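Report on the structure
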Amino acid sequence: MFNDQQTKALSSELSADRIKVRDKANIKLSYLEGFDIIDTANSIFGFGNWAYTISSLEQVSQEVNANQNVVVCYKAIVKVDVYDIDHSTMISRQDVGFGTGVARNLADAHENSAKEAVTDALKRSLRSFGNQFGNSLYDKSKSVVQNSNGNIPNPALDTAHSGQNQAIPNQAANQAMPSQIPNQAPSQAMPNQAPNDQVMGDIQSLRNMGLDVVEQNGFLLVRGNNIFAKKRYHKSSRLSLG
């Protein structure tokens, strides 16, 4: 069906430069744009060697949201036909897509929703041809090829965008912030390293001041009342209280 050049192109890794990211329900989703999918199909299959047909396009729902915008949802079924070079052989793929249109007037909402549904169905139909059409984006364990800057972006795990902080073990600056819950004693987290005589002495002196030092999840936690007021009595300790 496919020649060697086409097979090589279809089996190659997806370039990270083509991947786009959007937020949906506080989750970052990776995707390929519709025009990029069409350009890729033209490049690999040839301009006259593939086509798609809208098998079905129907409205699913319609409502008005709190901002008085019209919200319309469409469902589309698209069939893709791909031919070999001499058009003697053809294979077909078909899938479903959904689209949502939000606009101040009904016509724009219908237009946007219908177009999005068709584009989504087209992309889902073509993804069965492999990585170049975004199939690898559905496999969270699969890496993509490096982009032109030598980076491998992973938006789903990018803490710089998600606002989450990553713990750095065995680093003195990595300390848990005191709890903000009322009537709960603050605690400090420290990496769990092999104790020496100095550390054991520090632990004992902290306990003599009425503080508890316990191991939890690989860290030594210092707990107790007025933990920060007692800090000045323990300046020489290797166990930081704040």
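Our structure's up above, just so we're on the same page.
Just so you know, the residues in each chain are numbered from 1, in the order the chain's sequence is written. Totals for whole chains, interfaces and linings use all residues, but because this is a predicted model, local features are given only for residues with pLDDT of at least 70 and pairs of side-chain atoms are given and counted only at 80 or more. Working from all heavy atoms in the structure, the side-chain values ignore hydrogens and water.

1. Topic: the overall build of the chain
Counting its secondary structure elements, the chain contains five helices and eight strands. The rule is simple: take the accessible area with a 1.4 Å probe, protein chains only, and divide by the maximum for that residue type; under 20% is buried, over 50% is exposed, in between is partly exposed. The 242 residues of the chain split such that 32% are buried. Considering only contacts in the chain between residues 6 or more positions apart, those separated by 24 or more positions represent 60%. Of the roughly 15,300 Å² of accessible surface on the chain, 48% is carried by carbon and sulfur atoms. Numbering goes from the N terminus for both helices and strands, where a helix is a DSSP run of H or I of at least four residues and a strand is a run of E of at least two. Working rule for contacts: check all heavy atoms of both residues, and any pair within 4.5 Å makes them a contact. Only the protein chains shown count as cover for residues, with accessible areas throughout obtained via the Shrake-Rupley method and a probe of 1.4 Å.

2. Quick look at helix H3 (residues 106-126)
A rise of 1.5 Å per residue sets the reference length of H3, with its 21 residues, at 30 Å; its end C-alpha atoms lie 31 Å apart and thus fit the reference within 8%. On the buried face of H3, the contacting elements are strand S2 (27-31), helix H2 (34-45), strand S3 (50-64), strand S4 (70-83) and strand S5 (90-103). Side-chain atoms alone can form a polar contact between residues adjacent in sequence; in general such a contact is a pair of N or O atoms within 3.5 Å, and within protein one must be able to donate a hydrogen while the other accepts it. By the N-cap criterion, in which a side-chain oxygen at the helix start approaches the backbone nitrogen of a residue two or three places on, H3 is capped by Asn 105, the distance to Ala 107 being 3.3 Å. Any helix carries an expected span of 1.5 Å times its number of residues minus one.

3. Comments concerning the packing of H2 against H3
Geometry is summarised by axes, namely lines fitted to C-alpha atoms with helices restricted to the contacting stretch, and by angles between N-to-C directions that run from 0 to 180 degrees. One way to put it is that H2 packs onto H3 with a least axis distance of 10 Å and a crossing angle of 40°. Taken together, the axes of H2 and H3 are oblique relative to one another. Remark: the crossing between H2 and H3 carries left-handed chirality. Residues Gly 34, Ile 37, Ile 38, Ala 41 and Phe 45 of H2 form the contact with H3, whose own contacting residues are Thr 119, Leu 122, Lys 123 and Leu 126. Our angle categories are set so that under 35 degrees counts as roughly parallel, over 145 as roughly antiparallel, 65 to 115 as roughly perpendicular, and the remainder as oblique. Take the far helix as your reference; a near helix turned counterclockwise from it by less than a right angle gives a left-handed crossing, and one turned clockwise gives a right-handed crossing.

4. Some details on the layout of surface pockets
Here the largest pocket defines a volume of roughly 710 Å³. Only protein atoms enter the calculation, which uses a 1 Å grid: trapped sets of points that fit a 1.4 Å probe without letting it out are cavities, open sets showing protein on both sides within 12 Å along at least five of seven lines are pockets, and any residue with an atom within 4 Å of a point is a lining residue. Residue lining of the largest pocket: 24 residues in total, with Arg 22, Tyr 31, Asp 120, Lys 123 and Tyr 138 positioned closest to the centre. For the lining of the largest pocket, the secondary structure elements donating two or more residues are strand S1 (20-24), S2, H2, S5 and H3. The greatest single-element share of the lining of the largest pocket, amounting to five residues, is contributed by H3. When its residues are assigned to classes, the lining of the largest pocket shows eight nonpolar, six polar and ten charged. Grid points are joined across faces, edges and corners, and a volume is the space filled by probe spheres set on the points. Basically, the charged four are Asp, Glu, Lys and Arg, the nonpolar ten are Ala, Val, Leu, Ile, Met, Phe, Trp, Tyr, Cys and Pro, and anything else, Gly included, counts as polar.

5. A word on the pattern of salt bridges
Counted as salt bridges are all cases of a side-chain nitrogen of Lys or Arg within 4 Å of a carboxyl oxygen of Asp or Glu. Under the criterion given, the structure shown has five salt bridges. Here Asp 36 ties to Arg 18 by a salt bridge, and the two come within 2.6 Å at their closest N and O atoms. Of the two residues, Asp 36 sits in helix H2 while Arg 18 sits in the loop between helix H1 (4-11) and S1, which places them 18 residues apart along the sequence. Here the two residues Asp 36 and Arg 18 agree in accessibility, since each one is buried. Between Lys 115 and Glu 111 there is a salt bridge; the shortest N-O distance is 2.7 Å. Here Lys 115 and its partner Glu 111 are both found in helix H3, four residues apart, which amounts to about one turn of the helix.

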